[in-house]
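Coordinate inspection notes
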Amino acid sequence: FGSSSQLGARSGRAPSPSACPTPVTGRFRRWAIAPPPHPSAMGLLQSAKTWWTALFALGTAGMMFLFDPSGKDIPFPPNMDFTGKQAKLVASSPWFLMAAVPTIAGLFWIRSFSKSNRLSAEETSSMVWWWVNLFWFHIGCDLLSGFFQVQPVLTQLYIHMTPAHAEERWHPNRAHLDAGYALELVMEVPLAIYVLYLYARRDPARHLVEVFAAAVQFAGTITYYAPSFAKNEVHCWLSWVDRACGSMWILFPLIILQRHIRAARPDGGKKNNNKKKAS
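These figures come from a predicted structure and were not determined experimentally.

1. Comments concerning the overall build of the protein
Of regular secondary structure, the protein possesses twelve helices and zero strands. Each helix and strand of the protein, ordered N terminal to C terminal, gives the series α-α-α-α-α-α-α-α-α-α-α-α. Here the protein holds 279 residues, and 37% of them are scored as buried. Long-range pairs, those at least 24 residues apart, make up 65% of the contacts in the protein with a sequence separation of at least 6. Element-wise, carbon and sulfur atoms account for 66% of the exposed surface of the protein, whose accessible area totals about 16,600 Å².

Here you go:
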């Protein structure tokens, strides 16, 4: 029947670019011939998308090891302790170990569980999110540092971020903060445990419960930060770092919601989109 270029010539149509043997030369070559992404770079990017919550937690632990919280204000750039004295103080604290050891052990378990059950990157990412939230962000950071205020260094950093933490618990100046911590203690920690339990059992209801748990996180974040925004309360640059970090509990619940909406629709919603374009 002849080649595709010959068929194109007979039918009056131009042959497809893939059928043209003539190489592209000259100044257009760098646009025409783009090298494929390196496999190792793609794998690194996928790993970062899956395990980013763990990297986020590692960053907060780094602040505990290095940032000097002493003094009335923390300058920018902050004073850093490279002697290892502060890091030793933090690493030897039972409160730090209570949060850090289960977090690290659980990440190894998730990695093994994900491989043995062939989980998708999205499901693995969800498990990492709920596990790290449970032991590190909910318990280790917010409850032990913001509410009970026993975590070394991070408790002082919380006070620098939001000076109302210097008041006693349930003082009117910090009541909205304590309400957020109470929500974590009563709702968010149990929900994180339940979501992880359903994921471990591969329960079909896990995604439904996950959306509910993410909605509680979303609402709790709004109520936690809204009063300080309304009053324009900013103590130092750490206040903005705190709010930037807090935005993750708005963005990722929305990502979870969008992910499950897409999964619930036939063909991931593509068919409906195509119908709209055709009309």
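2. So, the packing of aromatic side chains
In this structure the tally under the stated criterion is 22 aromatic pairs. A ring pair is formed by F56 and W249, whose centres lie 5.7 Å apart and whose planes are at 45 degrees; its orientation type is tilted. Here F56 is found in helix α3 (residues 39–66), whereas its partner W249 is found in helix α11 (residues 248–264), with 193 residues between them in sequence. Assessed through its relative accessible area of 17%, F56 is described here as buried. Judged by relative accessible area, which is 12%, W249 ranks as buried. Here the aromatic rings of F96 and W136 are separated by 5.8 Å at their centres, their planes lie at 90 degrees, and the arrangement is edge-to-face. With F96 in helix α5 (residues 94–117) and W136 in helix α6 (residues 121–147), this residue pair connects regions lying 40 residues apart in the sequence. Grouped by ring-pair contacts, the aromatic residues W52, F56, W129, F137, W249 and F252 constitute a single cluster. Positioned over the ring face of F147 is R169, at 5.4 Å from the centre of the ring. The ring centre of W240 lies 4.9 Å from the NZ or CZ of R243, which sits over that ring.

3. Focus: the state of the cysteines
If you walk through the whole model with that rule in mind, you get zero disulfides. Free cysteine C245: the closest other cysteine sulfur is in C141, separated by 9.6 Å.

4. Some points on the nonpolar core
Core analysis: the biggest nonpolar cluster contains 54 residues, and W130, V132, W136, F137, L157, Y181 and L238 have the highest contact counts within it. Contributing elements (two or more residues each) for this core: α3, α5, α6, α7 (154–161), α8 (175–201), α9 (206–230) and α11. Sort the elements by how many residues they give to this core and α6 lands first, with twelve residues. In this structure F137 touches T53, F56, A57, T60, V132, D142, E184 and W249, once residues within four positions along its chain are discounted.

5. Overview of the packing of α8 against α9
Where α8 contacts α9, the axes come no closer than 10 Å and their chain directions differ by 165 degrees. Of the possible angle classes, the one that applies to α8 and α9 is roughly antiparallel. Crossing angle aside, the handedness with which α8 passes α9 is left-handed. Along its contact with α8, which presents H176, L177, G180, Y181, L183, M187, E188, L191, Y194, V195, L198 and Y199, the element α9 presents R206, H207, V209, E210, F212, A213, V216, Q217, G220, T223, Y224 and P227. Across the contact of α8 with α9, the residue classes break down as 15 nonpolar, six polar and three charged.

6. Examining a nonpolar patch on the surface
Together, W95, M98, F148, V150, L185, V186, M187 and F212 line one region of the surface with nonpolar side chains, adding up to about 700 Å² of accessible area. Among the secondary structure elements, those contributing two or more residues to the nonpolar patch are α5 and α8. Residue classification places V186 among the exposed residues on the basis of a relative accessible area of 55%.

7. Some remarks on the environment of S92
Within the secondary structure, S92 sits in the loop between α4 (85–91) and α5. Separated by 60 residues in sequence, S92 and P152 place their C-alpha atoms 10.0 Å apart. Looking at S92, its side chain comes within polar contact range of the main-chain oxygen of K88, at 2.8 Å. Polar side-chain contacts of S92 include one of 3.2 Å to the backbone oxygen of L89.

8. Describing α7
Within α7, six of the eight residues are buried, which leaves it mostly tucked inside the rest of the structure. Of the residues making up α7, those classed as buried are L154, T155, L157, Y158, H160 and M161.

9. What to know about the side chain of T155
Within the secondary structure, T155 sits in helix α7. Overall, the relative accessible area of 5% leaves T155 in the buried class. Leave out the neighbours within four places in its chain, and T155 touches L144, S145, Q149 and V150.

The rules behind the values
- Residues numbered from 1 in each chain as written.
- Predicted model: local features only at pLDDT ≥ 70, side-chain atom pairs only at ≥ 80, totals over all residues.
- Heavy atoms only, no water.
- Helix = DSSP H or I, 4+ residues; strand = E, 2+ residues; numbered from the N terminus.
- Buried < 20%, exposed > 50% of the residue type's maximum accessible area, 1.4 Å probe, protein only.
- Contact = heavy atoms within 4.5 Å.
- Areas by Shrake-Rupley, 256 points an atom, 1.4 Å probe, with all protein chains shown as cover.
- Phe/Tyr/Trp six-rings, centres within 6.5 Å; stacked < 30°, edge-to-face > 60°.
- Lys NZ or Arg CZ within 6 Å of the ring centre and 35° of its normal.
- Disulfide = S-S within 2.5 Å.
- Core = buried A, V, L, I, M, F, W, Y, C linked by side-chain atoms within 4.5 Å.
- Axes fitted to C-alpha atoms, helices over the stretch in contact; angles between N-to-C directions.
- Parallel < 35°, antiparallel > 145°, perpendicular 65-115°, else oblique.
- Left-handed = near helix turned anticlockwise from the far one by under 90°.
- Nonpolar A, V, L, I, M, F, W, Y, C, P; charged D, E, K, R; others polar.
- Patch = residues over 30% accessible without salt bridge, like charges linked within 9 Å, V, L, I, M, F, W, Y side chains within 5 Å.
- Salt bridge = Lys/Arg side-chain N within 4 Å of Asp/Glu carboxyl O.
- Polar contact = N/O pair within 3.5 Å; in protein donor to acceptor, adjacent residues only side chain to side chain.

Taken by themselves, the reported measurements are silent on function.
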